[in-house]
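Remarks on the overall topology
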Amino acid sequence: MKIPFKNIQQVLQLNRFVVLALIIMTGLVCIISVSLMVKVYKESMDKAFVVSSTGAVIPLQLASQRENLEVEALAHLEQFHTWFYGVEANSYEKNMEKALWLGNASVDAVYRQKKADGFYNRLLQYSLVQQVERIDSQIDMTQEPYAFQTRTLIRINRGAVTDTYELITTGKLIQVARNFPHNPHGLLITDFFENSLRKIEAYETPAK
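Because the structure is predicted, anything quoted here is derived from the model rather than measured.

What to know about the overall build of the chain
Tallying secondary structure elements over the chain gives 5 helices and 6 strands in all. The order of α-helices and β-strands along the chain, N terminus first, is α-β-β-α-α-α-α-β-β-β-β. Scored against the burial criterion, the 208 residues of the chain give a buried share of 28%. Summarising the internal contacts of the chain: among those between residues at least 6 apart in sequence, 55% fall at separations of at least 24. Within the structure as shown, the chain displays about 14600 Å² of accessible surface, and the carbon and sulfur contribution to it stands at 58%.

Printed below as a string of structure tokens:
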């Protein structure tokens, strides 16, 4: 019994249909895959991930991270200026050592210059107390290193007389590895500079 052969044109049309169907399906799969990858990438750009103690991966919003980083940066600057400019005979050296952990060589250079000028010796010799009354910092968090400007109100008690000074300092903050208890915020002050120091008269009201 002879097996009837199919029309060659029908076979070619069927093959063409199968090939076109495969091409279309492959194209759709590629488009869907690329779309999903773009979506995942965009979502991942707004998230960071940490591994919990149980091994679970936990997403964190980068926006929240930036907000937390700004809070830590402000706390870092406040702690540094409190230690660096709060000078008392009993706690001076201990606080200065803590402050130097929060900055790089630029901070150490300012400290050494003030020490060479006899600033600390005069305070200690006459039993003067330098207290930090207020610290206001502005930080540009748009890019690292984060530039800052800090306004510090300092009071120097000279027995019956108290003088108030306004100190403006500037510098930058970079992120480093946390080092508890020396540098718990994981930030380091660089390019530190004392821009200006002026005495505030008794009748002046410090700007808020």
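A word on the side chain of Thr190
Mapping Thr190 onto the fold places it in strand E6 (residues 187–200). Setting aside its immediate chain neighbours within four residues, Thr190 contacts Asn104, Ser106, Gly171, Lys172 and Ile174.

Overview of the environment of Gln125
Relative to the assigned elements, Gln125 resides in helix H5 (residues 119–125). Gln125 gets classed as exposed once you look at its relative accessible area, which sits at 58%. A C-alpha to C-alpha distance of 9.2 Å links Gln125 and Ala89, two positions 36 residues apart in sequence.

Focus on helix H4 (residues 105–116)
With 12 residues, H4 should reach 16 Å at 1.5 Å per residue; the first-to-last C-alpha distance of 16 Å fits that figure. Considered for burial, the residues of H4 that qualify are Ser106, Val107, Val110, Tyr111 and Lys114. For H4, the angular spread of buried residues about the axis comes to 145°, placing them on one side. Exposed side of H4, more than 90 degrees from the buried face: Ala105, Arg112 and Ala116 are the residues found there. At the exit of H4 stands Gly118, carrying a positive phi of roughly 80°.

Details of helix H3 (residues 92–100)
The set of residues buried in H3 consists of Tyr92, Asn95, Met96 and Ala99. Buried residues in H3, looked at end-on, bunch into an arc of 100°, giving them a common side. Residues of H3 that are exposed and point over 90 degrees away from its buried face: Glu93, Lys94 and Glu97.

Let's talk about the sheet that holds strand E5 (residues 161–175)
Within the open sheet, the 4 strands sit side by side as E3-E4-E5-E6. Their pairing is antiparallel. Across the chains shown, the open sheet's two edge strands, defined by having one partner strand only, are strand E3 (129–139) and E6. Strand-to-strand twist across the sheet, computed as the mean angle between neighbouring axes with direction ignored, equals 20°. The sheet contact formed by E3 and strand E4 (residues 146–158) spans 10 bridges and is antiparallel. Its bridge partner being in E4, Ile135 is matched across the sheet by Thr152.

Observations concerning the environment of Tyr146
With respect to the helices and strands, the residue Tyr146 is situated in strand E4. When the C-alpha positions of Tyr146 and Ile189 are compared, they lie 9.4 Å apart, and in sequence the two are 43 residues distant.

Rules used throughout
- Residues numbered from 1 in each chain as written.
- Predicted model: local features only at pLDDT ≥ 70, side-chain atom pairs only at ≥ 80, totals over all residues.
- Heavy atoms only, no water.
- Helix = DSSP H or I, 4+ residues; strand = E, 2+ residues; numbered from the N terminus.
- Buried < 20%, exposed > 50% of the residue type's maximum accessible area, 1.4 Å probe, protein only.
- Contact = heavy atoms within 4.5 Å.
- Areas by Shrake-Rupley, 256 points an atom, 1.4 Å probe, with all protein chains shown as cover.
- Expected span 1.5 Å × (residues − 1).
- Arc of directions from axis to C-beta.
- Pairing = 2+ DSSP bridges.
- Axes fitted to C-alpha atoms, helices over the stretch in contact; angles between N-to-C directions.

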